[in-house]
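Chain residues, written in single-letter form:
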Amino acid sequence: MELLPRSPGEFGSARYWDRFFRQRGQRPFEWYGAFPELCPVLRKYVRPRDKVLVVGCGNSELSEQMYDVGMCEDIVNIDVSDAVIRQMQERSGSKRPKMSYLLMDVLQMDFPDTHFQVVLDKGTLDAVLTDEEEATLAKVDKMFAEISRVLQVGGRYLCVSLAQAHVLKKAVEYFSREGWVVRIHQVAGSGDKQRFVLPVFVYVMTKFRKIPGSAPQILEICPEEQDKPMRVESAERLVAAVKDRQHYALLCSQLSRTPCREQVSLDLCDKESGRPRYTLHVVDSPSVKPSRDNHFAIFIIPQGRETEWLFGTEEGRRQLATSAGFGRLVTVALHREQHYEGMAGIQAELSGKVMELAPPGLSARQQVPFLSVGGDIGVRTVQHRDTSPLSGEYVVEDVKGDGTCYFRRLVFLCNRNVVQSEARLLAPTPLPGQKKRRKDKKKPSPTESLAAIDKSYLCCEHHKAMVAGLCLLRDPNTLPAKLAVLVVGLGGGSLPLFVHDYFLQARVAVVEIDPSMLEVATRWFSFSEGDRMRVHIADGLDFVAKLAAEVSVLPPAAPAQYDAVMFDVDSKDLTVGMSCPPPAFVEKPFLQKVKTTLKPEGIFVLNLVCRDTRLKESVLATLREVFPLLYTRRIEGEVNEILFCQPSPEGRRDPAELGARAQALEGALRQPGHPWDCSYVLADMLQAVKIL
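The residue numbering used here restarts from 1 in each chain and proceeds along that chain's sequence as written. Whole-chain, interface and lining totals are the exception, using all residues; otherwise, since this is a predicted model, local features are given only for residues with pLDDT of at least 70 and side-chain atom pairs are given and counted only at 80 or more. Just so you know, side-chain values use all the structure's heavy atoms and leave hydrogens and water out.

Glycine aside, the phi torsion of most residues is negative, and most peptide linkages are trans. Omega for the peptide link from cysteine 580 to proline 581 comes to -5°, which places this bond in the cis form. Numbered from the N terminus, helices here are DSSP runs of H or I no shorter than four residues, and strands are runs of E no shorter than two. Its location among the elements puts proline 581 in the loop between strand 23 (578-580) and helix 16 (588-597). Not every positive phi belongs to a glycine, and threonine 114 is a case in point at roughly 50°. Within the fold, threonine 114 resides in the loop between strand 3 (100-103) and strand 4 (116-122). One non-glycine residue, alanine 163, lies in positive phi territory at about 60°.

This is the structure:
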């Protein structure tokens with residue numbers, strides 16, 4: 001403890017270092033980065049004939065080891081501590097005749113200009129730049145200016161550092177401003193894990209002549225697992241990239257020592273593009289008693305299934321880990337922008353990286369199993385990708401579900417873990433007279449000919465509940481021949497399309513604010529307009545307000561327009577704890593307008609997705625103020641809650657009766673001979689409804 005300075009500022013004091021090395025004696029002191037770890041990086045930038053200057057050498061063995069392995073012999077070492085310089089002169093002596101030790105301050109060196117090809121700094125910058133006080137920054141500027149002076153053009157300043165944010169920022173900004181090329185290497189396997197958790201970095205600053213004007217900065221980072229540098233666009237981004245790697249090292253250290261109480265999530269990025277390639281969740285199961293065979297496993301989520309409850313929620317992943325029977329399970333989600341070479345390729349790519357997330361006590365020789373559903377990585381084919389001014393970037397993709405079914409999905413990339421719309425694809429059927437494909441012909445891709453949409457099937461559980469809510473309308477046997485339904489929010493069109501095609505005399509009006517979604521629904525989800533289906537490109541708020549104004553001026557005997565109004569509209573504001581609908585759609589004045597558009601015995605169906613408990617209670621309270629009768633239906637395994645609101649308390653029904661009413665509704669609204677069996681929508685869907 002007596003070797004530690006009383007304040008960080010003493011790191012820049014010659015007196016402190018004299019005392020430090022006298023008390024420490026002849027034992028070499030390596031701050032961080034042993035020679036075997038640094039050697040692969042140093043060999044890239046130090047040539048045997050280079051003149052090398054080591055600043056702040058201390059009694060490190062680095063120079064001696066570089067000399068002894070033949071990396072370089074013309075090495076000059078300087079330090080401000082007279083005690084350590086005499087130590088090192090005695091230690092090297094005649095063993096290394098071409099290497100010298102001089103008492104000199106890096107802030108004021110006696111060497112001529114452009115004397116060296118390499119300046120090597122192992123921890124000296126970190127020791128000098130202890131804070132961001134004006135005097136300290138001025139001292140660092142002087143140090144950098146001296147290093148620049150003694151380096152030749154094309155020479156390299158190699159700085160071994162822990163890369164604290166203020167140190168890295170200062171170095172990168174100074175040398176990039178001078179027109180130097182800046183490259184940061186992460187040292188592989190760096191640091192004594194018992195002493196240092198943070199990884200070690202080497203800044204490589206290559207001196208170029210300063211070009212007048214605004215020359216482009218060249219800033220690069222080399223992660224430890226690759227040689228090829230990645231270019232970054234700004235000093236801020238370079239500092240952020242280093243910070244990401246430091247956070248990852250801290251996380252791995254934490255996970256290697258103690259079980260994690262909460263699930264940990266992290267992204268592993270593609271080496272070339274820097275985009276996320278894998279999303280990992282680390283899940284510990286305290287209830288599982290670990291043994292040699294069930295300590296640790298990796299679960300690869302098939303492509304396209306990462307949004308399912310079992311894989312896409314904390315509770316689901318916890319259940320998956322427990323049922324798999326492993327003490328720690330790492331789930332791996334695959335990103336749609338990336339290409340994968342099957343399970344074996346993923347295993348080879350991830351094996352080294354996931355071992356850094358292993359639980360405490362796992363043997364380094366332990367084989368870790370890779371698990372999946374059905375043993376494959378699934379199928380995902382992006383059919384269409386575009387950007388809408390209103391909805392942002394989106395994709396239409398075909399994915400393989402559980403079993404042999406394929407599904408088409410619409411996903412807004414601003415919220416990529418939420419499926420906006422989904423439809424089941426029909427298996428291809430050969431046309432009359434169509435010849436079978438010859439065996440020697442190339443087989444089609446799994447989704448090449450699966451373009452037909454199965455309109456009879458609702459994939460989304462909340463859509464099934466919304467349709468089943470029509471059971472609450474009235475006595476199904478007295479329903480009018482034509483049911484009038486307003487749907488706000490088109491998406492892929494699955495909900496309005498089902499109502500239109502299942503209830504063969506229903507009139508459906510759809511309001512969609514984004515014209516791009518109408519194009520998507522028409523081209524990719526078999527949506528089409530007709531005599532009974534009209535789409536209005538408008539803001540739902542404005543459309544309903546205008547409709548309510550028209551209804552309010554009708555004669556008292558004139559009926560309102562709609563039997564049912566359905567809201568299935570998402571919010572683009574991710575800062576609000578309610579992702580469906582936008583808050584303006586559940587404000588009291590607007591809900592009163594919705595009520596005005598309904599017939600007295602009609603129903604308002606709302607898809608509510610709200611994670612904020614207080615906000616949800618506020619929404620429910622407002623709905624109760626406007627609608628005297630309110631039912632709710634929770635969707636198992638999802639955040640969605642479907643609310644059924646009626647303008648008259650006379651429509652109150654016992655939830656136990658709703659199953660029978662569902663069957664009556666089916667019989668009342670379907671024409672004889674309808675080809676679809678849609679009992680899955682109505683059967684048992686309202687059994688769990690409760691009255692609020």
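Another point: the environment of glycine 375. Within the secondary structure layout, glycine 375 lies in the loop between strand 14 (370-372) and strand 15 (380-388). Partly exposed residues are those whose accessible area sits between 20% and 50% of the maximum for their type, while under 20% is buried and over 50% is exposed, using a 1.4 Å probe and protein chains only. Judged by its relative accessible area of 51%, glycine 375 falls in the exposed class.

Extensive coverage of strand 12 (residues 296-300) is indicated by the burial of 5 of its 5 residues. Burial along strand 12 is two-sided: the residues Phe296, Ile298 and Ile300 and Ala297 and Phe299 are all buried. At least two DSSP bridges between two strands are needed for those strands to be called paired. Bridge count for strand 12 against strand 13 (residues 328-334) is 5 bridges, and the pairing is parallel. Directly across from phenylalanine 299, in strand 13, lies its bridge partner threonine 331. With 3 bridges joining them, strand 12 and strand 14 adopt parallel strand pairing. For phenylalanine 299, the partnering residue across the bridge sits in strand 14 and is leucine 371.

Our focus in this paragraph is the nonpolar core. Only buried Ala, Val, Leu, Ile, Met, Phe, Trp, Tyr and Cys residues count toward a nonpolar core, and they belong to the same one when joined by side-chain atoms within 4.5 Å. Judged by nonpolar contacts, the single largest core of 44 residues is most densely connected at Leu53, Ile78, Phe111, Leu125, Tyr157, Ile184 and Tyr203. With 6 residues, the top contributor of residues to this core is helix 7 (residues 165-177). Listed in part, the 34 residues of the second largest apolar core include Leu458, Leu472, Val485 and Leu495.

The strand order across the open sheet built from 9 strands is 3-2-1-4-5-7-6-8-9, with neighbouring strands paired in mixed fashion. The outermost strands of the open sheet, each flanked by one partner alone, are strand 3 and strand 9 (230-232). Ignoring strand direction, the axes of neighbouring strands in this sheet form an average angle of 20°. Contact between two residues is taken to exist if any of their heavy atoms lie within 4.5 Å; hydrogens are not considered. Here the axes come from fitting lines to C-alpha atoms, over the contacting stretch only for helices, and the angles between their N-to-C directions go from 0 to 180 degrees. Sheet contacts for helix 7: strand 5 (151-161), strand 6 (181-186), strand 7 (201-206) and strand 8 (219-222); angle to strand 7, the most-contacted strand, approximately 15°.

In this section: the environment of methionine 517. For methionine 517, the location among the structural elements is in helix 14 (residues 515-524). Residues methionine 517 and glycine 489 lie 28 residues apart in sequence; the distance between their C-alpha atoms is 9.4 Å. With residues up to four places along the chain from it excluded, the contact list for methionine 517 reads Ser391, Tyr394, Leu410, Phe412, Leu490, Gly491 and Glu512.

Turning to the pattern of salt bridges, a few remarks are in order. A pairing counts as a salt bridge when a side-chain nitrogen of Lys or Arg comes within 4 Å of a carboxyl oxygen of Asp or Glu. A full pass over the atoms with the stated rule returns 33 salt bridges. Glutamate 308 is the salt-bridge partner of arginine 305, the closest N and O atoms lying 2.7 Å from each other. The exposure class of glutamate 308 is partly exposed, given its relative accessible area of 25%. Salt-bridge contacts for glutamate 397 lead to arginine 380; the nearest nitrogen and oxygen are separated by 3.4 Å. Remark: arginine 380 occurs in strand 15 and glutamate 397 occurs in strand 16 (residues 392-400); sequence separation between them is 17 residues. For the pair formed by glutamate 397 and arginine 380, the shared burial category is buried. Among the charged side chains, a salt-bridge network with shared partners connects Glu64, Asp68, Arg91 and Arg96.

So, on to the packing of helix 12 (residues 461-468) against helix 13 (residues 494-502). At their nearest, the axes of helix 12 and helix 13 sit 10 Å apart, and the two run at 40° to each other. Viewed along their axes, helix 12 and helix 13 adopt a mutual orientation that is oblique. In this structure, the crossing between helix 12 and helix 13 has a hand that is right-handed. Contacts between helix 12 and helix 13 involve His463, Met466 and Val467 from the first element and Ser494, Leu495, Phe498 and Val499 from the second. The residue inventory of the contact of helix 12 with helix 13, partitioned by class, reads 5 nonpolar, 2 polar and no charged. The labels follow the angle: roughly parallel below 35 degrees, roughly antiparallel above 145, roughly perpendicular from 65 to 115, and oblique for the rest. Crossing handedness is read from the near helix: turned anticlockwise from the far helix by less than a right angle, it gives a left-handed crossing, and turned clockwise, a right-handed one. Only Asp, Glu, Lys and Arg are considered charged, only Ala, Val, Leu, Ile, Met, Phe, Trp, Tyr, Cys and Pro nonpolar, and every remaining residue, Gly among them, polar.

A separate point is the sheet that holds strand 11 (residues 276-284). If you walk across this open sheet you meet the 5 strands as 10-11-13-12-14, and the pairing is mixed. Unpaired on one side and paired on the other, strand 10 (264-269) and strand 14 mark the two borders of the sheet. When the angles between neighbouring strand axes are averaged without regard to direction, this sheet yields 25°. Where strand 10 lies against strand 11, 6 bridges are found, and the strand directions are antiparallel. Considered in strand 11, the bridge of leucine 268 is made with tyrosine 278. Relative to the sheet, helix 11 (residues 342-354) contacts strand 10, strand 11, strand 12, strand 13 and strand 14, its axis offset from that of strand 14 by approximately 130°.

Relative to the assigned elements, valine 52 resides in strand 1 (residues 52-55). Among the residues examined, valine 52 registers a relative accessible area of 0% and is labelled buried. The spacing of valine 52 and isoleucine 75 is 23 residues in sequence and 4.8 Å in space, taken between C-alpha atoms.

All we've got here are geometric facts, nothing functional implied.
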